[in-house]
Amino acid sequence: YALTLFISLTVFFNRYWVRFTLDEDGVLYESVRWSRKVSGAINAGAVVLGLLAAMPAAAGAGLMARSRQTVFLPWNRVRKVRCFDRFRVITLSNSWRPFLRLHCPTDEHYAQAQEKIRMALPTME
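For clarity, every value in this text was computed on a predicted model and none was experimentally measured. Numbers given for residues are sequential positions, taken from 1 along each chain in its written order. With pLDDT at 70 or above as the cut-off, local features in this predicted model cover only qualifying residues; side-chain atom pairs require 80 or more to be listed or tallied, and sums for whole chains, interfaces and linings still use all residues. In computing side-chain values, all of the structure's heavy atoms are included and hydrogens and water are not.

Visitor: I'd love a proper account of the environment of P98, names of residues and values included.
Guide: Positionally, P98 belongs in strand β6 (residues 98–103). Classification of P98 as partly exposed rests on a relative accessible area of 41%. In this structure, the C-alpha to C-alpha distance between P98 and V81, residues 17 residues apart in sequence, is 9.0 Å. Note on contacts: a residue pair qualifies if any of its non-hydrogen atoms lie within 4.5 Å across the two residues. Non-local contacts of P98, meaning those with residues more than four positions away in its chain, are made with T91, L92 and S93. The helix and strand labels rest on DSSP assignments: H or I over at least four residues marks a helix, E over at least two residues marks a strand, and numbering proceeds from the N terminus. Note on exposure labels: buried denotes an accessible area under 20% of the residue type's maximum, exposed denotes more than 50%, and partly exposed covers the range between, all computed with a 1.4 Å probe on protein chains only.

Visitor: Describe the sheet that holds β6, listing the residues and the values that go with them.
Guide: Spatially, the three strands line up as an open sheet ordered β4-β5-β6, and their pairing is antiparallel. A single partner strand is all that each edge strand has here, and the edge strands are β4 (80–84) and β6. The average angle at which neighbouring strand axes cross in this sheet is 15 degrees, direction not considered. Criterion used throughout: strands pair if DSSP finds at least two bridges between them. Bridge count for β4 against strand β5 (residues 89–93) is five bridges, and the pairing is antiparallel. Bridge pairing in β5 places R82 opposite T91. The convention used is that axes are lines fitted to C-alpha atoms, helices contributing only their stretch in contact, and that angles between N-to-C directions extend from 0 to 180 degrees.

Visitor: For unusual backbone geometry, give the residues involved together with the corresponding values.
Guide: Positive phi, normally seen in glycine, also occurs at R88, with a value near 55 degrees. Mapped onto the elements, R88 comes out in the loop between β4 and β5.

Visitor: Explain the pairing of β6 to me, using residue names and the numbers behind them.
Guide: Both β5 and β6 contribute to a ladder of five bridges, which runs antiparallel. Of the residues in β6, the one forming a bridge with L92 is L100. Linking β5 to β6, which pair antiparallel, is a turn of four residues.

Visitor: If you had to explain the nonpolar core to someone new, which residues and values would you point to?
Guide: Definition used in this section: a nonpolar core is a set of buried Ala, Val, Leu, Ile, Met, Phe, Trp, Tyr and Cys residues joined via side-chain atoms within 4.5 Å. L22, V27, W75, I90, L92, L102 and I117 are the most contacted members of the largest nonpolar core, which has 17 residues in total. At the level of elements, β2 (26–31), β3 (70–74), β5, β6 and α4 (107–120) are the ones that each hand at least two residues to this core. Other than its neighbours up to four places away in sequence, I90 contacts V81, R82, C83, L100, R101, L102, Y110, A113, Q114 and I117.

Visitor: An account of the pattern of salt bridges is needed here, citing residue identities and associated values.
Guide: Between Lys or Arg on one side and Asp or Glu on the other, a salt bridge is scored when a side-chain nitrogen of the former is within 4 Å of a carboxyl oxygen of the latter. A full pass over the atoms with the stated rule returns two salt bridges. Here R118 and E115 are joined by a salt bridge, their closest N and O atoms 3.3 Å apart. With R118 and E115 both in helix α4, this residue pair falls three residues apart, about one helical turn. Relative accessible area serves as the criterion here: at 37%, R118 is assigned to the partly exposed category. Residue classification places E115 among the partly exposed residues on the basis of a relative accessible area of 38%.

Visitor: Now, about the packing of aromatic side chains: what can you tell me, with residues and values included?
Guide: Paired rings are identified among Phe, Tyr and Trp, the last through its six-membered ring, by centres lying within 6.5 Å, and are further divided according to the angle between planes into stacked (under 30 degrees), edge-to-face (over 60) and tilted (the rest). The full count for this structure, using the stated rule, is one aromatic pair. Here the aromatic rings of F20 and Y29 are separated by 5.6 Å at their centres, their planes lie at 50 degrees, and the arrangement is tilted. Residue Y29 is classed as buried on the basis of its relative accessible area, which comes to 16%. In this structure, R77 packs its charged tip against the face of F99, placed 5.8 Å from the ring centre. Think of it as a cone above the ring: NZ of Lys or CZ of Arg counts as a charge over the ring if it is within 6 Å of the ring centre and within 35 degrees of the ring normal.

Fair warning: the whole summary comes from geometry, so function is off the table for now.
Take a look at the structure:
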């Protein structure tokens, strides 16, 4: 945990840029801007160092992190939606865990996201 905290504060300055796209098929999450480049380099480094040091767990962690830079969640896999109005955050859960958290920068974006989700999942109310 200490290494994660160190990287979050020193490399990412406690900021990680992502883009969420909500359409009729589901939600697309993708890291963008310099966050994508930096995290890609860190993930590749973890894979290489894990292989060179004969540490498959480290290499696997790097590969898993790299696979999460772009994630698509189809609406038919969403089982629960929880909205946190105070923080403008919407949590989408699959059958066993929270899968994505949509962080909306403004009240307008938050309302638009809620409406898209309501239209895609009318039975979730």
